[in-house]
Amino acid sequence: MKKKLIIIGAGGHGKVIANIAKLNGYQEITFLDDDEKKTEISTYKIIGKVSDVKKYSSEYDIIVGIGSNEIRNKVSNDLSEMGIIQSILIHPTAAIDATVSIGEGTVIMANVAINVDSRIGKSCIINTGATIDHDCVIDDFVHISPGVNIAGGVNVEKMVWLGIGSTVINNVNIRGKSIIGAGGVVIENLEESGTYVGVPVKHIK
């Protein structure tokens, strides 16, 4: 770990990442963002555009701080093509079993719990207070919102977004690129990508 970190994406999600980075011991935290009207965010400076990342990569650790799964996917893939490996940031209050594997670029926020033999992919967001039980697979570029509860043996495919307060029972699969609405309850495999809402969730589009 270097002492300096660049966060790509100067929005609300990036600010939360900056706070976690401070708690992880980074002494300098700055941002890159393509919005030329922005020069700072909260107490942090924006020092350039996303395209400038390569010139900073030898001096700074890098992480993508963009909430959109699609954009985070694209920017992360661009970094991989440059040979840049992203940092992993974990809030000190998170409870993560030693057997859990976590991919690069993933951020795990305050009061998260992840249990034994689960796997978290690349550039995921595991948001505040979410719980992931044993033997789950969370694939790349997934966003698990605050207060989500996932039971054991669940498989969440790439680029799924689980809305705030949603619940997933054990041993089900959620198809990639699906969106689960706030408070939704998943009780069976979701075989088709799409948007699902309700208790239990139903496919709406």
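Just above, that's the structure.
Residues numbered from 1 in each chain as written. Predicted model: local features only at pLDDT ≥ 70, side-chain atom pairs only at ≥ 80, totals over all residues. Heavy atoms only, no water.

**Topic: the overall build of the chain**
Threshold: Secondary structure elements are defined from DSSP: runs of H or I of at least 4 residues count as helices, runs of E of at least 2 residues count as strands, and each element is numbered from the N terminus. Every radius of gyration here is taken over C-alpha atoms, with the globule rule written as 2.2 Å times N^0.38, N being the number of residues. Exposure categories follow from relative accessible area, calculated using a 1.4 Å probe and restricted to protein chains: below 20% of the type maximum is buried, above 50% is exposed, and the middle band is partly exposed. Two residues form a contact once any of their heavy atoms are found within 4.5 Å. Areas reported as accessible are Shrake-Rupley estimates using a 1.4 Å probe. Residue values count occlusion only from the protein chains shown. Neither His nor the chain ends contribute to the count of charged residues, in which Lys and Arg are positive and Asp and Glu negative. Each charge is placed at NZ for Lys, CZ for Arg, CG for Asp and CD for Glu.
The number of helices and strands found in the chain is three helices and 24 strands. Expected size for 205 residues packed as a compact globule is a radius of gyration near 17 Å; at 17 Å, the chain falls within 12% of this value. Projected onto its principal axes, the C-alpha coordinates of the chain cover approximately 45 × 35 × 30 Å. When the 205 residues of the chain are sorted by exposure, 49% land in the buried category. Contacts in the chain between residues at least 24 apart in sequence constitute 26% of all its contacts with a sequence separation of at least 6. Total accessible area on the chain is roughly 9300 Å²; 51% of this is exposed by carbon and sulfur atoms. The average position of the 20 basic charges and that of the 23 acidic charges among the side chains of the chain differ by 6 Å.

**Some thoughts on the sheet that holds strand 18 (residues 161-162)**
Stated precisely, the cut-off is as follows: Strand pairing follows a simple DSSP-based rule, namely that at least 2 bridges must link the two strands.
Strands sit in the order 6-9-12-15-18-21-23-24 across an open sheet of eight strands; the sheet is mixed. Each edge of the open sheet is held by one strand with a lone partner, namely strand 6 (89-90) and strand 24 (202-203). Pairing geometry for strand 18 and strand 21 (residues 179-180), over two bridges, is parallel. Along strand 21, the bridge assignment pairs L162 with I180.

**Notes on the sheet that holds strand 19 (residues 167-168)**
Judged by pairing direction, the sheet is parallel, and its six strands sit side by side in the order 7-10-13-16-19-22 without closing on themselves. Either end of the sheet is taken by a strand with one partner, and the two such strands are strand 7 (95-96) and strand 22 (185-186). Across two bridges, the pairing between strand 7 and strand 10 (residues 113-114) is parallel. Bridged to I96 within strand 10 is I114.

**Describing unusual backbone geometry**
Comment: phi is negative for the bulk of residues other than glycine, and the bulk of peptide bonds are trans. With omega at -5 degrees, the peptide bond leading from V199 into P200 counts as cis. Locating P200 in the fold gives a position in the loop between strand 23 (195-197) and strand 24. Even without being a glycine, D135 presents a positive backbone phi close to 60 degrees. Inspection of the secondary structure puts D135 in the loop between strand 13 (131-132) and strand 14 (137-138). Here D135 falls in the partly exposed class, since its relative accessible area comes to 41%.

**Looking at the packing of aromatic side chains**
Which entries qualify depends on this criterion: We call Phe, Tyr and Trp rings a pair once their centres come within 6.5 Å, taking the six-membered ring for Trp, and we label the pair stacked below 30 degrees between planes, edge-to-face above 60, and tilted otherwise. A ring is scored as having a charge over it whenever the NZ atom of a lysine or the CZ atom of an arginine sits within 6 Å of its centre and within 35 degrees of its normal.
According to the stated counting rule, one finds two aromatic pairs in the structure shown. Each ring, one from F31 and one from Y44, has its centre 5.9 Å from the other, and the planes form 55 degrees; the classification is tilted. On the criterion of sequence distance, the pair formed by F31 in strand 2 (residues 28-32) and Y44 in strand 4 (residues 44-48) is long-range, its members being 13 residues apart. Here the two residues F31 and Y44 agree in accessibility, since each one is buried. Summarising the aromatic geometry, the rings of Y56 and Y60 are spaced 5.7 Å apart at their centres and angled 90 degrees between planes, so their arrangement reads as edge-to-face. In this pair, the class of Y56 matches that of Y60, namely buried. The ring of Y60 carries K4 above its face, with NZ or CZ at 4.6 Å from the centroid.

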